[in-house]
Amino acid sequence: FGQIKVDVCGYPLSIFFIVVNEFCERFSYYGMRAVLVLYFRYFLKWDDDLATSIYHTFIALCYLTPILGAIVADSWLGKFKTIVYLSIVYTVGQVVMAVSAIHDITDTDRDGTPDNMTFHVAMSMLGLFLIALGTGGIKPCVAAFGGDQFEDHQEKQRSTFFSIFYLSINAGSLLSTVITPILRAQECGIHSQQKCYPLAFGVPAALMVVALIVFIMGSGMYNKTAPKGNIMLEVCKCIGFAIKNRFRHRSKKFPKREHWMDWADEKYDKLLVAQVKMVLKVLFLYIPLPMFWTLFDQQGSRWTLQATTMDGNFGILIVQPDQMQVSSTLFCFNCDVFLQQTLPKLPKGVAGQVKFLNLNNAPLTVTIDGTTDVSVPAHQVNTGDYLTFDKPVRVMFNKNTSATHELTLKPQTRHTALVSPNLAMELVSLPLYLLILTFVNGLGSVLNVTLGVGDIAPLSVSNYSLVPQGKAEFTIMNRGGASCLYSIELGFGSAFTLVIPTTFNIVSPDCWQAIQVVEDVKPNTIHMGWQIPQYFLMTAGEVVFSVTGLEFSYSQAPSNMKSVLQAGWLFTVAVGNIIVLIVAEAAQLPDQWAEYILFASLLVVVCIVFAVMSYFYTYTDPAEIEAEFKQPEHEPEEKKRDSVEMESKDLDCSKDSDKNKRDSVVEQQNQEVKQSKM
């Protein structure tokens, strides 16, 4: 391969290119992932459940595609070419993701809101698919490729490499999780200034370009192990034949064999059978592991959404909800907590809550299901608490049967029902955002409101506007150019509806006093700092879990199946995210804290099971086991167990005719084993 061997302080120089590449790639991945759920929530306007579901579907796909990457690397392209080609796909995906977040592309009316959301959703899904294919495809290759750079006598250096490799992952994650939320919080745009998701996705795309270039720069120094053939297919065929052969010889007249995979000896050489045994032994130990990732990966979904309902004011700085993920890497290098914060949310088991906002000049009577009457003053909401309904109800306004509407509330969400002068009703849901303002225009003419609110049609409601914490000032203007300055003090996590009544006189010096304020959600009172302990505890477990997992997977992998076993390790992450989807969608728990307790309890049970399995696990030396099958073919081949009489002499003859071919395959594999150790 024309390899240029250069050592620095006892380490191959080639690993430094690999470590830098991993740092840039992890910056790209975690930077994009840090803002992803908020992108779903605020840019694509998805609700919490859909945003969480798509987020974990993406993460699961990222850890399913390593199987494809392992097959391609081990049987076709080799690790180096696989990393290069799929990194190109990865980079394209990041660029597509950045383009999908540019609201000006479809904002034809220049009001700051995309007019063709289908385009943005389609581009986002395409970008995420390419990213999942790229990051997942290279994931089982990079760590194993780094391990291949060491020789047999460098076991200590290889172990140190895996620790440095994991440190580079955390360094990239740390910086990106701090930087990309800051970039997202900026405002950018051509025609209107909105949250800068294109920049938050664009910088990770640029880092992926750097990662690709750096990796290619070290090409001449790498030990590029040749692919071993379609090993994944061979493994599956070997396992399938062993099961089939064992079933065919299930009669008691056939003697038992030491391992059920020994039933594949009649067709497959002993080296391959021994290697499959080693792989299956480790994969069996992986069975309980997905539960850890079920908790761990909720940092980017449930925990980030939880942070949006908390106070991020740390005095000297305002922390963004997606920046709380930095705690994981800041502690080094998160914890599905048993503690559920006491947030100003809805009561337990509530289906939904609503208040009626009367846009009429006269009081309004709301009759609910023909029994309960609620009085609503003109241009105000009904007094008292929110009305709570756990099923659809019928509402009638002013005893007018022609003004009857069916009211269905979204679970765990507060709503405002806007009632216009013609007794039409518009239901506005008010989920717990960071800071929300909604304007209701009760006038008969169009008004324009600054700070990204835009034009509000007569007798209608504006879109939600996210505004910074503290004092916010709005300028309200009519088509004639007259304006009114209005200011309001906003607490973190609060939501307000500002009603501009029909009595509003825009030219009056005291025009701002006519605007009526409805506090839909009180400011957050629980501080984000309460999330720090849960991140610390989860990180403490993850450090031990991931570092040892990487090294364990490599050390227990046969020489030609290292990427396959790495893919098996990463597959546990995919299963963990799938578990989140199943529990979140199927369990339908009424309270979030109950879901947290469920996940934590499941992990406790799994820890006990894993401890028992680990106690009975015995380490193997793949090189030593493979060496047993390197003996010359002229040595005795008598089996220590009783031979099994096959079903026909024709099959025996067929086996004899294939003997020489199998012998050459064994010898070829032996040579490749030696080469992989170079």
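This structure is a prediction, so every number in the text was calculated from the model and none was measured.

Q: Looking at this model, I keep getting lost on the overall build of the protein chain. Mind explaining?
A: Counting its regular elements, the protein chain contains 18 helices and 21 strands. Sorting the 678 residues of the protein chain into buried and exposed places 53% on the buried side.

Q: What am I meant to see in unusual backbone geometry here?
A: Residues apart from glycine generally show negative phi values, whereas peptide bonds are mostly found in trans. Here K45, not a glycine, exhibits a phi torsion of approximately 65°, which is positive. Following the sequence through the fold, K45 ends up in the loop between helix 2 (36–43) and helix 3 (48–64). At D369, a position not held by glycine, the phi torsion is positive, near 55°. For D369, the location among the structural elements is in the loop between strand 6 (364–368) and strand 7 (372–376).

Q: Sorry if this is basic, but what is going on with the packing of aromatic side chains here?
A: How two aromatic rings sit relative to each other is set out by the distance from centre to centre and by the angle between their planes. Throughout the structure, instances matching the rule amount to 31 aromatic pairs. Ring geometry for F145 against F215: centres 5.8 Å apart, planes inclined by 55°, an arrangement best described as tilted. In this pair, F145 is assigned in helix 5 (residues 117–147) and F215 in helix 7 (residues 197–217), connecting sequence segments 70 residues apart. Judged on exposure class, the residue F145 and its partner F215 are both buried. Between the aromatic rings of F161 and F162, the centroid separation amounts to 5.4 Å while the plane-to-plane angle is 55°, which identifies the pairing as tilted. Overall, the relative accessible area of 1% leaves F161 in the buried class. Aromatic ring contacts, followed pair by pair, group Y39, F40, F43, W46, Y197 and F201 into a single cluster. R257 extends its terminal NZ or CZ atom over the ring of W263, reaching a point 4.1 Å from the ring centre.

Q: Just to check I follow, could you spell out the packing of helix 2 against helix 5 for this structure?
A: In helix packing, the relevant descriptors are the interaxial angle and the interaxial distance, both defined with respect to the helix axes. Where helix 2 contacts helix 5, the two axes come as close as 12 Å, and the packing angle between them is 165°. Here helix 2 is positioned roughly antiparallel relative to helix 5, judged by the angle of their axes. Handedness of the crossing formed by helix 2 with helix 5: left-handed. Residue-level inspection shows L36, Y39, F40 and F43 of helix 2 in contact with helix 5, the latter providing M117, H120, S124, M125 and L128. Residues belonging to the contact of helix 2 with helix 5 are distributed by class as follows: 7 nonpolar, 2 polar and no charged.

Q: Looking at this model, I keep getting lost on the environment of I179. Mind explaining?
A: Position of I179 among the secondary structure elements: in helix 6 (residues 155–185). For I179, a relative accessible area of 33% puts it in the partly exposed group.

Q: What's the story with the nonpolar core in this structure? I'm lost.
A: Within the largest apolar cluster, 110 residues are counted, with the highest numbers of intra-cluster contacts made by Y29, L36, Y39, F40, F58 and F201. Every residue in contact with F40, bar those within four places of it in the chain, is listed here: K45, W46, A51, I54, Y55, M125 and L128. The next biggest cluster of nonpolar side chains, apart from the first, holds 20 residues, and it includes L490, F496, I506 and I515.

Q: Quick question: what am I supposed to make of the sheet that holds strand 7 here?
A: Sheets are built from strands paired through backbone hydrogen bonds, the pairs being either parallel or antiparallel. If you trace the 4 strands from one edge of the open sheet to the other, you get 7-6-9-10, paired in antiparallel fashion. Where the open sheet ends on each side, the last strands, each with one partner, are strand 7 and strand 10 (404–407). Taking the axes of each pair of neighbouring strands and ignoring which way they run, one obtains an average angle of 25° across the sheet. Of the pairings in the sheet, the one linking strand 6 to strand 7 comprises 5 bridges and is antiparallel in character. Opposite T365, over in strand 7, you have S375 as the bridge partner.

Q: I'm lost on the pattern of salt bridges in this one. Help?
A: Two side chains bearing opposite charge may form a pair once their charged atoms approach each other closely. Across all of its chains, the model carries 11 salt bridges by this definition. The shortest N-O distance in the salt bridge between E595 and R302 comes to 3.3 Å. Take E595 and R302: they sit in the same class, and that class is buried. One salt-bridge network, held together by shared partners, links E22, E25 and R26.

Q: Can you help me understand the pairing of strand 20 (residues 495–500) in this one?
A: Of all the 6 residues making up strand 20, 6 are buried; the element is thus mostly covered by neighbouring parts of the structure. Residues A495, T497 and V499 line one face of strand 20 and the alternating positions F496, L498 and I500 line the opposite face, and both faces are buried.

Q: Help me understand the state of the cysteines in this model?
A: Cysteine pairs can be covalently joined through their sulfur atoms, and such a bond is termed a disulfide. Tallying each qualifying case throughout the model produces 2 disulfides. Disulfide pairing places C188 opposite C196 at an S-S distance of 2.0 Å. Looking down the S-S bond of the C188 and C196 bridge, the torsion is 105°, so its handedness is right-handed. Across the disulfide from C484 sits C511; the S-S distance is 2.0 Å. Judged by the torsion about the S-S bond (100°), the C484/C511 disulfide is right-handed. Of the two residues, C484 sits in strand 19 (residues 483–490) while C511 sits in the loop between strand 20 and strand 21 (516–521), which places them 27 residues apart along the sequence. With a relative accessible area of 1%, C484 lands in the buried category. By sequence order of its bonded cysteines, the protein chain has the disulfide arrangement 1-2, 3-4.

Q: What am I meant to see in the confidence of the model for the protein chain here?
A: Any residue range with low pLDDT should be treated as having predicted coordinates unsuitable for detailed reading. Confidence along the protein chain averages 78 in pLDDT terms, with 81% of residues attaining 70 or more. By mean pLDDT, the top-scoring element of the protein chain is helix 7 (95), and the lowest-scoring one is helix 18 (residues 659–676) (38).

Q: Just checking my understanding: could you explain the environment of S553 for this structure?
A: Examined against the element boundaries, S553 turns out to sit in helix 13 (residues 532–555). In this structure S553 comes out as buried when scored by relative accessible area, which is 0%. With residues up to four places along the chain from it excluded, the contact list for S553 reads Y286, L565, Q566 and W569.

Q: Would you mind showing me how to read a nonpolar patch on the surface here?
A: Where nonpolar side chains cluster on the molecular surface, the patch consists of L64, I67, F571, I578 and I582 and spans about 370 Å² of accessible area. Among the secondary structure elements, L64 is positioned in helix 3. Judged by its relative accessible area of 31%, L64 is partly exposed.

Q: Could you clarify how one ought to interpret helix 9 (residues 270–285) in this entry?
A: Since one α-helical turn is 3.6 residues long, residues separated by three or four positions face the same way. Taking 1.5 Å per residue, 16 residues should reach 22 Å; helix 9 reaches 23 Å between its end C-alpha atoms and fits that length. For helix 9, the complete set of buried residues consists of L271, L272, V273, A274, Q275, V276, M278, V279, V282 and L285. Near the N-terminus of helix 9, the side chain that reaches the backbone nitrogen of L271, with its oxygen 3.1 Å away, is that of D269.

Q: I tried to follow the side chain of R158 on my own but got confused; where do I start?
A: Structurally, R158 can be placed in helix 6. Classification of R158 by relative accessible area gives buried; the value is 9%. For R158, the side chain forms a polar contact with the main-chain oxygen of G147, separated by 3.4 Å. In this structure R158 touches G147, F150, E151 and Y554, once residues within four positions along its chain are discounted.

Calculation criteria
Residues numbered from 1 in each chain as written. Predicted model: local features only at pLDDT ≥ 70, side-chain atom pairs only at ≥ 80, totals over all residues. Heavy atoms only, no water. Helix = DSSP H or I, 4+ residues; strand = E, 2+ residues; numbered from the N terminus. Buried < 20%, exposed > 50% of the residue type's maximum accessible area, 1.4 Å probe, protein only. Phe/Tyr/Trp six-rings, centres within 6.5 Å; stacked < 30°, edge-to-face > 60°. Lys NZ or Arg CZ within 6 Å of the ring centre and 35° of its normal. Axes fitted to C-alpha atoms, helices over the stretch in contact; angles between N-to-C directions. Parallel < 35°, antiparallel > 145°, perpendicular 65-115°, else oblique. Left-handed = near helix turned anticlockwise from the far one by under 90°. Contact = heavy atoms within 4.5 Å. Nonpolar A, V, L, I, M, F, W, Y, C, P; charged D, E, K, R; others polar. Core = buried A, V, L, I, M, F, W, Y, C linked by side-chain atoms within 4.5 Å. Pairing = 2+ DSSP bridges. Salt bridge = Lys/Arg side-chain N within 4 Å of Asp/Glu carboxyl O. Disulfide = S-S within 2.5 Å. pLDDT = per-residue confidence, 0-100. Patch = residues over 30% accessible without salt bridge, like charges linked within 9 Å, V, L, I, M, F, W, Y side chains within 5 Å. Areas by Shrake-Rupley, 256 points an atom, 1.4 Å probe, with all protein chains shown as cover. Expected span 1.5 Å × (residues − 1). Polar contact = N/O pair within 3.5 Å; in protein donor to acceptor, adjacent residues only side chain to side chain.

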